[in-house]
Amino acid sequence: MQSKLSEQLFQKAQQLIPGGVNSPVRAFRAVGRNPFFVERAQGPWLIDEDGNRYLDYVCSWGPGILGHAHPKVIEAVQRVCEKGLTFGAPTAGEVELAELIQACVPEMEMVRLVSSGTEAVMSAVRVARGFTGREKIIKFAGNYHGHSDGLLVKAGSGLMTQSVPDSAGVPAGYAASTLTAVYNDEESVRRLMEENHGQVAAVVVEPVAANMGVVPPKKGFLEFLRRITGDEGALLIFDEVITGFRLALGGATEYTGVSADLHTFGKIVGGGMPLAAYGGRRDIMSCVAPLGAVYQAGTLSGNPVAVTAGITTLKILMEDTGIYERLDRRAAKLAEAYRREGLTVNRAGSLLSAFFAPGWDGDADRLGSREEGGCGIENYEDACKCDKQAFADYFSRMLEHDIYVAPSQFEAMFVSDAHTDELIEMTCGAVRACVRQGET
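None of these values were measured; they are calculated from a predicted model.

Q: Which residues make up the overall build of the protein chain, and what values do they have?
A: Secondary structure assignment for the protein chain yields 16 helices and 14 strands. For 440 residues, the compact-globule formula gives about 22 Å, and the C-alpha radius of gyration of the protein chain, at 21 Å, lands near that figure. Counting only C-alpha atoms and orienting by the principal axes, one finds that the protein chain spans roughly 60 × 55 × 45 Å. Across the 440 residues in the protein chain, those meeting the buried criterion constitute 56%. Across the protein chain, contacts joining residues at least 24 apart in sequence account for 72% of those joining residues at least 6 apart.

Set out below in structure tokens:
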């Protein structure tokens, strides 16, 4: 595998960009390698600057549910670009996208478009505080909600990869209003609610955690959060930047049967372009300016290019009634391939993670496979105990087999509709060759 141009670009990038990358996990530090630089992508494939082709299970960290450069999305974006890139004024497309989101998630009675998942969650938290008149929020260790100051407390994603529990530059007062509970642990939430009675504005949660690896909610956990927030006069916020339109067309509410007061969406809602959304009950969202006193604005919010990509993607998902069954079936086959090699696997729809959990030594017969739902990774503490070096070795072997998985034990594996049955079968063969220690 030649990587001359990627190496040259990375050396130059490190002189110009912190760490040579514009988002930390891209640096490949957790897997002891330098990153490759992508030149283009098509369907399930990434092609780097040196011409190497990789079967991609990162899918731009989630939005590529249709695969890269879907022809209908590209065509629609090209057409709208001819009219202009951004206007800073309302367009019909914004209304159409809001209608589509509401059609998929009926409890999104009002929607505000923004430009990133970080911005969406930050804004939803602000709305919750404005609506309730309270300041404190409860989040969960290992749940990542973007890089806004008040939410970088025991966050997952890249912070876990770098073993950084918090971020420098966050004022102590910001962190003080963020209370941290244990994911899948009802008692930890109950205790915080009791200790801060009448002060909690919202509980914000990834309904299926996907930033400490994929960690589904235990049976009854989300129902408990729905119940206790209602009893305490707090709001429940589902951070669906990753799960939205990926678990199901109706997101986590359709997938789990539990509703929230506010939702945040990113990734797929913009069809891979910089776009996100937050919204929920009409009475809550009526607090947002210009209707109410909660201020939030953005020059590029709802820009026509990103909106068009989102509209086209959602329409494809709505029209293709078999897509979620295909994604689920193919992801299940991949999960089983990892289980046969003795790894702990968590899966929710087309999201999955294979964990090199404590006790794994490459002996599948000794360890045995775990049935879905009976996994050994249920929270942040469990995930932190995984063997990161074993993961790094596996990552390198997969890359040598021209398969690109996330360069961190703590990120999800994404299956797209472009991953055909044949490609899934090929990947299962690579898993057999690459997972066990010492095999090539």
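Q: Give me the sheet that holds strand β11 (residues 344-348): which residues, what numbers.
A: Across the sheet, which stays open at both edges, the three strands sit in the order β11-β12-β14 with antiparallel pairing between neighbours. Every interior strand has two partners, whereas the edge strands, β11 and β14 (413-414), have only one. As paired strands, strand β12 (residues 351-355) and β14 are joined by two bridges and run antiparallel to one another. Counterpart to L352 in the pairing with β14 is M413. Across the sheet, helix α12 (residues 323-340) touches β11, β12 and β14, and the angle it forms with β11 is around 170°.

Q: I'd like a description of the sheet that holds strand β2 (residues 45-48), backed by residues and values.
A: Taking strand neighbours across the sheet as the criterion, the four strands line up as β1-β2-β3-β13 in an open arrangement whose pairing is mixed. If you trace the sheet from one side to the other, it starts and ends with β1 (38-42) and β13 (403-404), each paired once. Pairing of β1 with β2 involves four bridges; the strand directions are antiparallel. In the sheet register, R40 faces β2, and the bridge partner there is I47. Of the strands in this sheet, β2, β3 (53-56) and β13 touch helix α16 (residues 421-434), which is tilted by about 100° from β3.

Q: Residues and numbers for the nonpolar core, please.
A: Core analysis: the biggest nonpolar cluster contains 72 residues, and I101, F245, L317, Y338, M398 and Y404 have the highest contact counts within it. Beyond its immediate chain neighbours, meaning those up to four positions away, Y404 contacts F28, F36, L46, Y54, L55, D56, Y57, V58, F395 and L399.

Q: Tell me about the pairing of strand β9 (residues 262-265), residues and numbers included.
A: Looking along a regular strand, one sees side chains alternate from face to face of the sheet. The alternating pattern of β9 places L262 and T264 on one face and H263 and F265 on the opposite face, and all of these are buried. Traced from strand β8 (residues 235-240) through helix α9 (residues 251-256) to β9, the parallel crossover comes out right-handed. Of the pairings in the sheet, the one linking β9 to strand β10 (residues 276-280) comprises four bridges and is antiparallel in character. Directly across from H263, in β10, lies its bridge partner G279.

Q: A description of the packing of aromatic side chains should follow, citing residues and the corresponding values.
A: Under the definition given, this model contains 15 aromatic pairs. Relative to Y394, the ring of F356 lies with its centre 5.5 Å away and its plane at 45°, an arrangement referred to as tilted. Highlighted residues: F356 in the loop between β12 and α13 (364-367) and Y394 in helix α15 (residues 388-400), separated in sequence by 38 residues. Since its relative accessible area comes to 3%, Y394 is described here as buried. Grouping aromatic residues by their ring pairs yields a cluster made of F28, F36, Y54, F395 and Y404.

Q: An account of the packing of α12 against α16 is requested, with residue identities and associated values reported.
A: Where α12 contacts α16, the axes come no closer than 9 Å and their chain directions differ by 15°. Judged by the inter-axis angle, α12 sits roughly parallel to α16. As α12 packs across α16, the resulting crossing turns out to be right-handed. Contacts between α12 and α16 involve R329, R330, K333, L334, A337, Y338 and R340 from the former and D421, I424, E425, T427, C428, V431 and R432 from the latter. Taken together, the residues of the contact of α12 with α16 break down into six nonpolar, one polar and seven charged.

Q: Tell me about the packing of helix α3 (residues 92-104) against helix α11 (residues 304-319), residues and numbers included.
A: At a minimum axis separation of 9 Å, α3 and α11 run at an interaxial angle of 35°. The handedness of the crossing between α3 and α11 comes out as left-handed. Only V307, G310, I311, L314, K315 and M318 of α11 make contact with α3, whose side of the interface consists of G93, E94, E96, L97, L100, I101, A103 and C104. Here the contact of α3 with α11 is composed, by residue class, of nine nonpolar, two polar and three charged.

What counts as what
- Residues numbered from 1 in each chain as written.
- Predicted model: local features only at pLDDT ≥ 70, side-chain atom pairs only at ≥ 80, totals over all residues.
- Heavy atoms only, no water.
- Helix = DSSP H or I, 4+ residues; strand = E, 2+ residues; numbered from the N terminus.
- Rg over C-alpha atoms; globule rule 2.2 N^0.38 Å.
- Buried < 20%, exposed > 50% of the residue type's maximum accessible area, 1.4 Å probe, protein only.
- Contact = heavy atoms within 4.5 Å.
- Pairing = 2+ DSSP bridges.
- Axes fitted to C-alpha atoms, helices over the stretch in contact; angles between N-to-C directions.
- Core = buried A, V, L, I, M, F, W, Y, C linked by side-chain atoms within 4.5 Å.
- Right-handed = clockwise from strand over helix to strand, strands pointing away.
- Phe/Tyr/Trp six-rings, centres within 6.5 Å; stacked < 30°, edge-to-face > 60°.
- Parallel < 35°, antiparallel > 145°, perpendicular 65-115°, else oblique.
- Left-handed = near helix turned anticlockwise from the far one by under 90°.
- Nonpolar A, V, L, I, M, F, W, Y, C, P; charged D, E, K, R; others polar.

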